[in-house]
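Residue strings, one per chain:
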Amino acid sequence: MPTTPRDLEAGRSAQVKEEPAQRAGDTEQSAQAPSLHPSMPWKIGGRTLQSRFLLGTAGYPSPAVLQEAIAASGAQVVTVGLRRQLATGAPASDFFAMVKASGAHLLPNTAGCRTAREAVTLAQMARELFGTPWIKLEVVGDEHTLQPDPFELVEAARQLVKDGFEVFPYCTDDLVSCQRLLDVGCQILMPWGAPIGSGQGLVNPGALRTLRARLPGVPLIVDAGIGSPADAVQAMELGLDGVLLNTAVAKALDPVRMARAFKLGIESGRLAFEAGVMAQQDMAVASTPVAGYPILL
């Protein structure tokens, strides 16, 4: 007999009724399967986070826009330059209150320092003002590229780790320099993608790939040079653990929407990495093989 619409509907109803039993039988297998959700918790600096987006706080059109951007980004860590904050004349406590209201953790930084001595002094001030042992360590060695000074950076990191800080060092993508920072006690590395504020993206993805391969258990957060969400996706697909940026959001025509765009890009890139990006091929590979199948005309 021909199948009627009523027969089809009855079949669908029977299938729906069977699904709960099938899912119940699969419960044990599902519980053992690893989750690939991009918001899977991860640990950094002794804290457990959901977001892998760290956001800077400088250069926004207004404090209100900054607050909206933090909310749209989903970032749970925000950075602030103590020197810049003091230069504004606004009490540091006011800024801390705003960050606290957002629910994000504060990561003070030593932007503007040129020597280890300067950076250590500023870090100690930040810990006293903000009540956190976290410090993003910046010691710049070149005025044009704002490239970190590897020698002063390692010395400052050594002193700060000894003094009980959780040091987030802003460094280059040089493997040996990164290893020296780990040797003095750093637990996290923040290699640059490109010079600060340049928007060039990842100028040397091969070096970042090497860092990931050689330092498999170390949290790596790309810091500086990110220009668009596509750059963030690329960084996450390489297997890096997070992205820190400021200018690409703060200087966008619509910082709030751009913050949201980066949030989605970072989640997408991480999910793609965990799912496994297909290997590139030198030649075409048919996605639907036709050998051995009849050709329908």
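A quick note: this is a predicted structure, and the numbers were derived from the prediction, not measured.

K.L.:
Any details on the pattern of salt bridges? Residues and values, ideally.
P.N.:
Across all of its chains, the model carries nine salt bridges by this definition. Arg114 is the salt-bridge partner of Glu143, the closest N and O atoms lying 2.6 Å from each other. Separated by 29 residues along the polypeptide, Glu143 in the loop between β6 (134–137) and α7 (150–162) and Arg114 in the loop between β5 (105–109) and α6 (116–130) bring together distant segments of the chain. Since its relative accessible area comes to 51%, Glu143 is described here as exposed. For Arg114, a relative accessible area of 29% puts it in the partly exposed group. The partner of Asp183 in a salt bridge is Arg180, and the shortest N-O contact between them spans 3.6 Å. Of this pair, Asp183 and Arg180 both sit in helix α8 (residues 175–183), three residues apart, which is roughly one turn of the helix. By relative accessible area, which is 58% here, Asp183 ends up exposed. A network of salt bridges, in which partner residues are shared, links Lys136, Glu138 and Asp223.

K.L.:
Let's hear about the side chain of Asp173: which residues, and what values?
P.N.:
By secondary structure assignment, the location of Asp173 is in the loop between β7 (166–171) and α8. Despite its burial, Asp173 remains without a salt bridge, the nearest opposite charge being carried by Arg209 at 11 Å. Once residues within four sequence positions are removed from consideration, Asp173 is found in contact with Pro191, Trp192, Asn204, Ala207, Leu208 and Leu211.

K.L.:
Pulling in residues and values, what's your account of the packing of α7 against α8?
P.N.:
Contact geometry of α7 with α8 gives a least axis separation of 9 Å together with a crossing angle of 15°. Considering their axes alone, α7 and α8 lie roughly parallel with respect to each other. Seen from above, α7 lies across α8 with right-handed handedness. Contact with α7, carried on its side by Pro150, Leu153, Val154 and Ala157, involves Ser177, Arg180 and Leu181 of α8 and no other residues of that element. Residue composition of the contact of α7 with α8, grouped by class: five nonpolar, one polar and one charged.

K.L.:
If you had to explain the nonpolar core to someone new, which residues and values would you point to?
P.N.:
The biggest cluster of nonpolar side chains holds 60 residues, and the ones touching the most others in it are Leu55, Leu137, Leu245 and Val249. Considering each element in turn, this core owes the most residues, seven residues, to α6. With residues near it in sequence (within four places) discarded, Val249 still touches Phe53, Leu55, Tyr60, Ala69, Pro255, Met258, Ala259 and Phe262.

Calculation rules
Residues numbered from 1 in each chain as written. Predicted model: local features only at pLDDT ≥ 70, side-chain atom pairs only at ≥ 80, totals over all residues. Heavy atoms only, no water. Salt bridge = Lys/Arg side-chain N within 4 Å of Asp/Glu carboxyl O. Helix = DSSP H or I, 4+ residues; strand = E, 2+ residues; numbered from the N terminus. Buried < 20%, exposed > 50% of the residue type's maximum accessible area, 1.4 Å probe, protein only. Lys, Arg positive; Asp, Glu negative; His and termini not counted. Contact = heavy atoms within 4.5 Å. Axes fitted to C-alpha atoms, helices over the stretch in contact; angles between N-to-C directions. Parallel < 35°, antiparallel > 145°, perpendicular 65-115°, else oblique. Left-handed = near helix turned anticlockwise from the far one by under 90°. Nonpolar A, V, L, I, M, F, W, Y, C, P; charged D, E, K, R; others polar. Core = buried A, V, L, I, M, F, W, Y, C linked by side-chain atoms within 4.5 Å.

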